[in-house]
Amino acid sequence: MSSGICQRGEEDEDVYGFLVGDIKKEIRRSSRLRCFHCKKAGASVGCSIKSCRQMVHMPCGLEQEFVFQFTGLFPSFCKKHAPTQSCDSSHSLPHSCSICLDPIEPILSYHVLKCPACHGSWFHRKCVQNYAHSAAMFFFKCTLCNNKEQFQQEMLRMGIYIPERDASWELEENAFVELLQVYHRCDAVKCLCHKGREHSSQSGYFEIVLCKLCGSRGTHRKCSNIRVYEADWIFREGLRTLGMFEQVQMCSETFFPVFCGPVERLTAESVMELFTTRLSEEKEKQVLEKTTISFWKQYLHECEEGQCAASLEDLLTFATGTDLVPAIGFKPTPSISFLSSPDNLCAFPQSNCDANHLILPTLPSYQLFKKHLDYTVCQFSVMQDI
């Protein structure tokens, strides 16, 4: 960040491309400059605005709310000339940091930043810097809308350092070693292997066969009467328990789309057809609820076109707990009811996943309806990932 030095060498030359001779010159130059904050010599970092004469040591600059941009020519800006963010009055102000979830003062400043894409994700500077150190360039994105490119550019502009490496959790030695371990144990009620439940031969009747669905249960072939050439133990036995195995064998063409058919992509129309609406008996409320239904239809179409922070899959997960429509359908059938609140700013959607039930607020405008639905569904998705 020193103002009087540039990277003239290759990355592997001298100190990461900074030539030793240039470093010594910068040391001599800065030894004559006094820090604006601590008044001691050696201030090598100056504000990039030519008319500004403020010089600081880098640690002093952090205390004085200097903004150091770790991109381009690596410019630095004093508190007076530092870049700022503006607040859009059309968006509601947050109450908590989107990273640590602690209360946040809803005023943009050096210590409080926001996402430029969704405007709904606000966070403490320290929180987003720690997040950037951990996630690094490949995984650093908005915690609410998942925007990556615009979010990273804005954070760099506001002085957040983003390491050019993989995420810290990807660099931990043996971090995922347990995923390389294969389950080897016979879980049959009565194990017939004289060498014990842990023994598995290379082949034959005492080879352990794992569940094809989860891989976390196993059995010796002999213990569950599995022929040497068979491998679908759990699947077959499960269907026999339900009395369906013989029916599947007899009517394979009928059952093929259930077990092997492709997963259909969600559309606005298909999601609308999933839900039944429960209108109130009072006519005045019905007018507001029918308006909300039109908002709901418009929102689904915008989700399908990628114009919302949430996706159709996110919406379905919020309402039912799953992002796929089961082959046998939902039970109970997904439904929608409505919520009327005297304070529109506090009227947010609710859901009961156990009952596949979605509660939509009756709001005066589509913009407010979309904002509240985006915020609630995205926050729900974030909490699901934690």
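Keep in mind that this is a model prediction, so the values were computed, not measured.

### With respect to the side chain of Ser 44
So, step 1. Structurally, the position occupied by Ser 44 is in the loop between helix H1 (20–30) and strand S1 (45–46).
So, step 2. If we ignore the near neighbours within four places in the chain, the residues touching Ser 44 are Ser 2, Ser 3, Glu 26, Arg 29, Ser 30, Met 55 and Val 56.

### What to know about unusual backbone geometry
Backbone phi values are negative for most residues with the exception of glycine, while trans is the configuration of most peptide bonds.
So, step 1. Residues Lys 331 and Pro 332 are joined by a peptide bond in cis, for which omega reads 0°.
So, step 2. Relative to the helices and strands, Pro 332 is located in the loop between helix H11 (312–320) and strand S10 (335–339).
So, step 3. Positive phi outside glycine occurs at Tyr 16, with the angle close to 50°.
So, step 4. Mapped onto the fold, Tyr 16 is located in the segment before H1.

### A look at H1
So, step 1. Residues Asp 22, Glu 26 and Ser 30 constitute the buried set of H1. Buried residues of H1 fall within an arc of 65° about the axis and therefore sit on the same side. Facing away from the buried side of H1 by more than 90 degrees, the exposed set consists of Lys 24, Lys 25 and Ile 27.

### A word on the packing of aromatic side chains
So, step 1. Applying the stated criterion to the full structure yields 14 aromatic pairs.
So, step 2. Between Phe 70 and Phe 74, the ring centres sit 6.5 Å apart and the planes meet at 90°, which makes this aromatic pair edge-to-face.
So, step 3. Residue class for Phe 74 comes out partly exposed when judged on its relative accessible area of 41%.
So, step 4. One aromatic cluster is present, formed by Phe 123, Tyr 131, Phe 140 and Phe 151 through successive ring pairs.
So, step 5. Sitting over the ring of Phe 36, Lys 39 keeps its end group 5.3 Å from the ring centre.
So, step 6. Across from the ring centre of Tyr 110, 4.0 Å away, lies the NZ or CZ of Arg 125, which sits over that ring.

### Details of the nonpolar core
So, step 1. Counting 56 residues, the largest nonpolar core has Phe 140, Trp 296, Tyr 299, Leu 315 and Phe 369 as the members making the most contacts within it.
So, step 2. If we skip the residues at most four places from it in the chain, Phe 140 touches Val 128, Tyr 131, Ala 132, Ala 135, Lys 148, Phe 151, Gln 152, Met 155, Ile 160 and Ile 162.
So, step 3. Cys 35, Ala 43, Met 55 and Phe 68 belong to the second largest nonpolar core, which has 11 residues in total.

### Overview of a nonpolar patch on the surface
So, step 1. A cluster of nonpolar side chains, Phe 138, Phe 139, Trp 169 and Phe 176, forms an exposed patch at the surface whose accessible area comes to about 390 Å².
So, step 2. Tracing the chain through its elements places Trp 169 in helix H5 (residues 168–171).
So, step 3. Here Trp 169 falls in the partly exposed class, since its relative accessible area comes to 33%.

What counts, and at which threshold
Residues numbered from 1 in each chain as written. Predicted model: local features only at pLDDT ≥ 70, side-chain atom pairs only at ≥ 80, totals over all residues. Heavy atoms only, no water. Helix = DSSP H or I, 4+ residues; strand = E, 2+ residues; numbered from the N terminus. Contact = heavy atoms within 4.5 Å. Buried < 20%, exposed > 50% of the residue type's maximum accessible area, 1.4 Å probe, protein only. Arc of directions from axis to C-beta. Phe/Tyr/Trp six-rings, centres within 6.5 Å; stacked < 30°, edge-to-face > 60°. Lys NZ or Arg CZ within 6 Å of the ring centre and 35° of its normal. Core = buried A, V, L, I, M, F, W, Y, C linked by side-chain atoms within 4.5 Å. Patch = residues over 30% accessible without salt bridge, like charges linked within 9 Å, V, L, I, M, F, W, Y side chains within 5 Å. Areas by Shrake-Rupley, 256 points an atom, 1.4 Å probe, with all protein chains shown as cover. Salt bridge = Lys/Arg side-chain N within 4 Å of Asp/Glu carboxyl O.

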